[in-house]
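# Chain and residue survey
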Amino acid sequence: MSQPNQHTEYVDSLSDQEIVDGILSRDEIITKHYLYVKCYPLFKSRFDRYYTDCENWVEFINQIYLHIILPGPKSKKSPLHTFAFGCKLTNWLSIVTENYCRQLFKKRVQLTSD
């Protein structure tokens with residue numbers, strides 16, 4: 001039972017740069033505990049606010065994870081690679097998640113109006 005607490009303490013001790021590096025290098029402990037534990041309230045609130053195609057909040061976080069880690073078609077860099085540390089990582093994730101949800105909503109509205 002102490003295992004998750006050790007991981008949480010470890011991830012909580014990391015800087016934003018170390019967390020970004022860990023997520024980009026697919027570090028399972030950092031990714032899981034940062035996105036699915038520490039940022040759970042942020043993602044859960046967006047999941048509850050917006051209708052998504054996700055069945056639950058875990059699937060929603062999975063989508064956000066893919067959104068921030070996969071390279072864009074034009075830039076060939078992932079959004080997380082372009083994070084410039086001008087604000088806290090949690091603030092950036094909040095903005096990225098909000099924009100992602102709004103884009104999904106906008107696409108859904110366009111599809112239903114056609």
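Heads up: these notes are all about the structure in this document.

Procedures and definitions
- Residues numbered from 1 in each chain as written.
- Predicted model: local features only at pLDDT ≥ 70, side-chain atom pairs only at ≥ 80, totals over all residues.
- Heavy atoms only, no water.
- Helix = DSSP H or I, 4+ residues; strand = E, 2+ residues; numbered from the N terminus.
- Contact = heavy atoms within 4.5 Å.
- Areas by Shrake-Rupley, 256 points an atom, 1.4 Å probe, with all protein chains shown as cover.
- Lys, Arg positive; Asp, Glu negative; His and termini not counted.
- Charge placed at Lys NZ, Arg CZ, Asp CG, Glu CD.
- Phe/Tyr/Trp six-rings, centres within 6.5 Å; stacked < 30°, edge-to-face > 60°.
- Buried < 20%, exposed > 50% of the residue type's maximum accessible area, 1.4 Å probe, protein only.
- Arc of directions from axis to C-beta.
- Core = buried A, V, L, I, M, F, W, Y, C linked by side-chain atoms within 4.5 Å.
- Polar contact = N/O pair within 3.5 Å; in protein donor to acceptor, adjacent residues only side chain to side chain.

## Notes on the overall build of the protein
Looking only at helices and strands, one finds 6 helices and 0 strands in the protein. Each of the three principal axes of the protein carries a C-alpha extent, and together these read 50 × 35 × 20 Å. Considering only intrachain contacts with a sequence separation of at least 6, the fraction spanning at least 24 residues in the protein is 55%. On the protein, roughly 7400 Å² of surface is accessible, and the fraction owed to carbon and sulfur atoms is 55%. Measuring between centres, the 14 positive side-chain charges of the protein sit 9 Å from its 13 negative side-chain charges.

## Focus: the packing of aromatic side chains
This structure, assessed with the given rule, holds 4 aromatic pairs. Pairing Tyr 40 with Trp 57 gives two aromatic rings, centres 4.6 Å apart and planes at 75°, and the pair type is edge-to-face. Note that Tyr 40 is positioned in helix H4 (residues 40–49) and Trp 57 in helix H5 (residues 57–69), a separation of 17 residues in sequence. For Tyr 40, a relative accessible area of 29% puts it in the partly exposed group.

## Observations regarding H4
Listed in full, the buried residues belonging to H4 are Leu 42, Phe 43, Arg 46 and Phe 47. The arc that holds the buried residues of H4, viewed along the axis, is 130°, so those residues lie on one side. Facing away from the buried side of H4 by over 90 degrees, the exposed positions are Pro 41, Asp 48 and Arg 49. Where H4 is buried, its residues meet helix H3 (28–38), H5 and helix H6 (89–113).

## Comments concerning the nonpolar core
One finds Ile 23, Tyr 34, Phe 43, Leu 80, Leu 89 and Leu 93 to be the most contacted residues of the largest nonpolar core, which totals 29 residues. Among the secondary structure elements, those contributing two or more residues to this core are helix H2 (16–24), H3, H4, H5 and H6. Aside from chain neighbours lying at most four places away, what touches Leu 89 is Asp 16, Ile 19, Val 20, Tyr 34, Leu 80 and Phe 83.

## Looking at the side chain of Glu 98
Along the polypeptide, Glu 98 turns up in helix H6. Beyond its immediate sequence surroundings of up to four residues, Glu 98 is in contact with Arg 46, Arg 49 and Tyr 50.

## Quick word on the environment of Asp 48
With respect to the helices and strands, Asp 48 occurs in helix H4. Here Asp 48 falls in the exposed class, since its relative accessible area comes to 52%. Between the C-alpha atoms of Asp 48 and Val 96, which are 48 residues apart in sequence, the distance is 16 Å. Here the side chain of Asp 48 touches Lys 44 through a polar contact of 2.8 Å, side chain to side chain.

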